[in-house]
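Structural features, examined
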Amino acid sequence: MPKLIQISDCHIDDQPMVMGVDSQRNLQLVVQQIKEIESDGVLISGDLTHQGTLNSYQTLKEILCPIKQPIFVIGGNHDQTDNLEKIFKKSLFKSFKLANWEIINIDSVQAEKTHGLVTQSALLELDQACLNSDAAHIMIVLHHPIVPMNSNWDDALSLTNPQDLFQVLDRHSKIRLITFGHAHEAAEFSHLGIKILSCPSTALQFNQEMRVGFNELELNENGTINFKTQWI
């Protein structure tokens, strides 16, 4: 069965210290663990860097060097598109396939804003991608939370139009899993049988948990998902 490792919100900057933690060192600890796990790829669900500088993406690439699996990335609200593309162009994706699964990316980022929005054109693109998919099962990834986090996280900083997104998602019975980052915490939800997962940050958690982590996602042939959040 395919397995993905999901990491998120690395917040690598030109200097090691970010938001009171050494985000470079913390990511190195995560990389040391995930490089030993047999998987089909590593998915990074946004906020690869803290300020989007070219140097920070180069630093991030160096830290990720021990990982031999394919790396798939999407941007977050802290990322700078041009610099991200310069360093990680081969890793950016609209969709990719693993066995009988297709993983589709939705862009939820608004320029110079923390909260997310899925535009009408992005919704139409998603709807068409799901219609055109010949995979048995679909996994959706975006940066912003699409459900209330039921924590001290400020939900006003999440996706502002989740109802528009769910109108599209509810039309496609192949969708089994939706995952996101941004909230810097691990959580599990469900919607009409669809599993919804939040990925912890490799930098720090906003809910005061003094650890960093990542998600292991096993995508079963029958459309079920086995997942585990691994903490360091």
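So, here's what we can say about the structure.

The rules behind each value
- Here the residue numbering is sequential within each chain, running from 1 through the sequence in written order.
- Local features in a predicted model are, by the rule used here, given only for residues with pLDDT of at least 70; side-chain atom pairs are given and counted only at 80 or more, and totals for whole chains, interfaces and linings are based on all residues.
- Hydrogen atoms and water are omitted, and side-chain values are computed over all heavy atoms in the structure.
- Pairing between strands is defined by DSSP: at least two bridges between them are needed.
- Put simply, DSSP marks the helices as runs of H or I at least four residues long and the strands as runs of E at least two long, and each gets a number from the N terminus on.
- Fitted lines through C-alpha atoms serve as axes, helices being fitted only where they are in contact, and the angles separating the N-to-C directions of these axes extend from 0 to 180 degrees.
- Any helix carries an expected span of 1.5 Å times its number of residues minus one.
- For every residue, the accessible area obtained with a 1.4 Å probe (protein chains only) is divided by the maximum for its type, and the residue is called buried under 20%, exposed over 50%, and partly exposed between those limits.
- The arc under discussion is defined with respect to the helix axis, by the directions toward the C-beta atoms.
- In this analysis, two residues are considered to be in contact whenever any of their non-hydrogen atoms come within 4.5 Å of each other.

Another aspect to go through is the sheet that holds strand β6 (residues 95-98). Ordered by their spatial adjacency, six strands build an open sheet running β6-β7-β8-β9-β11-β10, and the pairing between neighbours is mixed. What marks the edges here is a single partner per strand, and that holds for β6 and β10 (187-191). Each adjacent strand pair in this sheet contributes to an overall mean axis angle of 20°, direction not counted. Relative to strand β7 (residues 101-105), β6 runs antiparallel, the two being bridged by four bridges. Residue Leu-98 lies in a different strand from β7, and its bridge partner there is Trp-101.

This paragraph deals with helix α4 (residues 120-132). End to end, α4 covers 18 Å across 13 residues, agreeing with the expected 18 Å (1.5 Å per residue, within 8%). For α4, the full list of buried residues reads Ala-122, Leu-123, Leu-126, Asp-127 and Cys-130. Buried positions in α4, seen along its axis, are confined to an arc of 140° and lie on one side of it. Exposed residues lying more than 90 degrees from the buried face of α4 are Gln-120, Ser-121, Leu-124, Leu-131 and Asn-132. In this structure, the buried side of α4 is in contact with β7, β8 (137-141), α5 (162-169) and β9 (175-180).

Note that all results are geometric; they support no functional claim without further evidence.
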